[in-house]
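Here is what each chain is made of, one letter per residue.
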Amino acid sequence: MKDLVFEIIGDILIIREDTDEISLKEFAEEKIQKHPFIKSVLLQTSKIQGQERKRDLKYVMGEKKSETTHKEHGNSFLVDLSEVFFSPRLSYERQRVADSVEKNEIILNFFSGVGPFSIAIASKCKSCVIHSIEINKAAYDYLIRNIELNKCQHEVIPYLGDAFDIVPKMFIGSVNRVLLPLPLDSDKALPIAHQSLQNGSGIIHWQITEKTSLKKIDKNIINNRIKNIPYFSNNSINYEITELRLIRWLGPKIAHIAVDLSFIAREHY
Ligand SMILES: C[S@@+](CC[C@H](N)C(=O)[O-])C[C@H]1O[C@@H](n2cnc3c(N)ncnc32)[C@H](O)[C@@H]1O
């Protein structure tokens, strides 16, 4: 039997590598037998694409459905995999970010999706508020359902719309920490994220992709990249890279990287 690339989200198995129909069915049958909790097998027929980071899926075996509930570190996430982005491979990164949050923080998540980062934080910090923006109406609707499902209505505040419109109108100079979990718009988002920090101080969790063949990502690469964003090259803004980790490889030489930036306002020096 062919070994195919796959991922399991809730009770749905997604085959991420196309092949002939017989091999697909054989693979699906074997997985369902081995893991009886799998109720549906789908084939991913496109990349994760577009601003909303969605993918095309085709039915292979089992129940004809694309909605499931994925459990992660005691939280439950209801998702329709044909309508929204969701990746269990970000689970460690979510816990790492949630563990770094301190009491009473005001947090802004520019790109919330169905809420996994915001809810992971809310379940660890009951005195935090996480303002959570999402542009995809379907993802926003699941965000609301997941807030209810995980009982974090007091901590996670959802907003439907474009973060690049909402943040300048509502959040300038108002938060302690910003989450930017969308590598696609990472350089564009960083200046507004910085402007939303209280007194220019706080933490930004910046996710980026970088073309590299290096096993270890160098801080110089990140510093040069920030220097090339006009907002940062034109202003003397002090920051420190406090964490730099490879989340995963997205292609043979495309690294998905988490960068934690700690900003300190000049008057605090
Ligand atoms: C890579 S997904 C990450 C979602 C979530 N943080 C997670 O880890 O599952 C990025 C999300 O940002 C949303 N998005 C893209 N551009 C946006 C924008 N300008 N404003 C608000 N949300 C946006 C997409 O619809 C998508 O749900």
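Residues numbered from 1 in each chain as written. Predicted model: local features only at pLDDT ≥ 70, side-chain atom pairs only at ≥ 80, totals over all residues.

Could you give me a rundown of the overall build of the chain, with the residues and numbers involved?
For the chain, the helix and strand inventory stands at 8 helices and 13 strands. Against the 2.2 N^0.38 benchmark of 18 Å for 269 residues, the chain shows a C-alpha radius of gyration of 20 Å, consistent with a compact globule. Dimensions along the principal axes, computed over C-alpha positions, put the chain at roughly 65 × 45 × 30 Å. When burial is assessed residue by residue, the chain has 36% of its 269 residues classed as buried. (Helix = DSSP H or I, 4+ residues; strand = E, 2+ residues; numbered from the N terminus. Rg over C-alpha atoms; globule rule 2.2 N^0.38 Å. Buried ≥ 20, exposed ≤ 12 C-beta atoms within 10 Å, placed from the backbone.)

I'd like a rundown of the site of the ligand, residues and numbers included.
For the ligand, the set of nearby residues contains 21 residues, the closest of which are Phe111, Gly113, Ile135, Asn136 and Ala163. At the level of secondary structure, the elements contributing two or more residues to the shell around the ligand comprise helix H3 (116-124), strand E8 (129-134) and helix H5 (163-170). For the shell around the ligand, the per-class residue count stands at 13 nonpolar, 4 polar and 4 charged. When residues are assigned to domains, the shell around the ligand turns out to be shared by domain 1 (6-65) and domain 2 (88-268), each giving three or more. (Near = placed C-beta within 6 Å. Nonpolar A, V, L, I, M, F, W, Y, C, P; charged D, E, K, R; others polar. Domains from an automatic or database assignment.)

Can you lay out the environment of Ile119 for me, pointing to particular residues and giving the numbers?
If you trace the backbone, Ile119 turns up in helix H3. Using a count of 29 C-beta atoms within 10 Å as the deciding quantity, one classes Ile119 as buried. Spatially, the C-alpha atoms of Ile119 and Ile221 are 31 Å apart, while their sequence positions differ by 102 residues. Among residues more than four places away in sequence, those in contact with Ile119 are Asn75, Asn146, Asn150, Cys152 and Val156. (Contact = placed C-beta atoms within 7 Å.)

How would you explain the sheet that holds strand E13 (residues 254-263) if you had to name every residue and give the values?
Spatial ordering of the open sheet is given by E9-E8-E7-E10-E11-E13-E12, a layout of 7 strands whose pairing is mixed. Bordering the open sheet on either side are strand E9 (156-160) and strand E12 (239-251), each of which pairs with just one other strand. Pairs of neighbouring strands in the sheet enclose a mean axial angle of 20°, with direction left out of account. As paired elements, strand E10 (residues 177-180) and strand E11 (residues 202-211) share 4 bridges and run parallel to each other. Bridging across to E11, Leu180 finds its partner in Trp206. On the sheet, H3 packs against strand E7 (106-109), E8, E9 and E10 and is oriented at approximately 170° with respect to E8. With respect to the sheet, helix H6 (residues 186-195) is in contact with E10, E11 and E13, its orientation differing from that of E11 by roughly 170°. (Pairing = 2+ DSSP bridges. Axes fitted to C-alpha atoms, helices over the stretch in contact; angles between N-to-C directions.)

Now, about the sheet that holds strand E3 (residues 40-44): what can you tell me, with residues and values included?
Judged by pairing direction, the sheet is mixed, and its 4 strands sit side by side in the order E1-E2-E3-E4 without closing on themselves. In this open sheet, the two edge strands, each paired with only one partner strand, are strand E1 (6-9) and strand E4 (57-62). Here the average twist between neighbouring strands, direction ignored, is 25°. Pairing of E1 with strand E2 (residues 12-15) involves 4 bridges; the strand directions are antiparallel. Following the sheet pairing, Phe6 is matched in E2 by Ile15. Against the sheet, helix H1 (residues 21-34) makes contact with E2, E3 and E4, and its axis sits at roughly 55° relative to E4, the strand it touches most.

Break down the pairing of E7 for me, citing the residues and quoting the values.
Two elements, E7 and E8, share 4 bridges in a ladder whose sense is parallel. Within E8, the position partnered with Ile107 by the bridge is Ile130. Traced from E7 through H3 to E8, the parallel crossover comes out right-handed. (Right-handed = clockwise from strand over helix to strand, strands pointing away.)

Quick rundown of unusual backbone geometry? Include the residues and the values.
For Arg53, which is not glycine, the phi torsion reads 55° and is therefore positive. Assignment of secondary structure puts Arg53 in the loop between E3 and E4. Using a count of 19 C-beta atoms within 10 Å as the deciding quantity, one classes Arg53 as partly exposed. The backbone of Lys151 sits at a positive phi, close to 50°, despite the residue not being glycine.

Summarise the domain arrangement of the chain; cite the residues concerned and give the values.
Examined at the domain level, the chain breaks down into domain 1 (6-65) and domain 2 (88-268). Here domain 1 and domain 2 have C-alpha centroids that lie 30 Å from each other.

Please provide a residue-by-residue account of helix H2 (residues 91-100), values included.
Burial in H2 covers these residues: Glu93, Arg94, Val97 and Ala98. For H2, the angular spread of the buried residues around the axis is 130°, confining them to a single face. (Arc of directions from axis to C-beta.)

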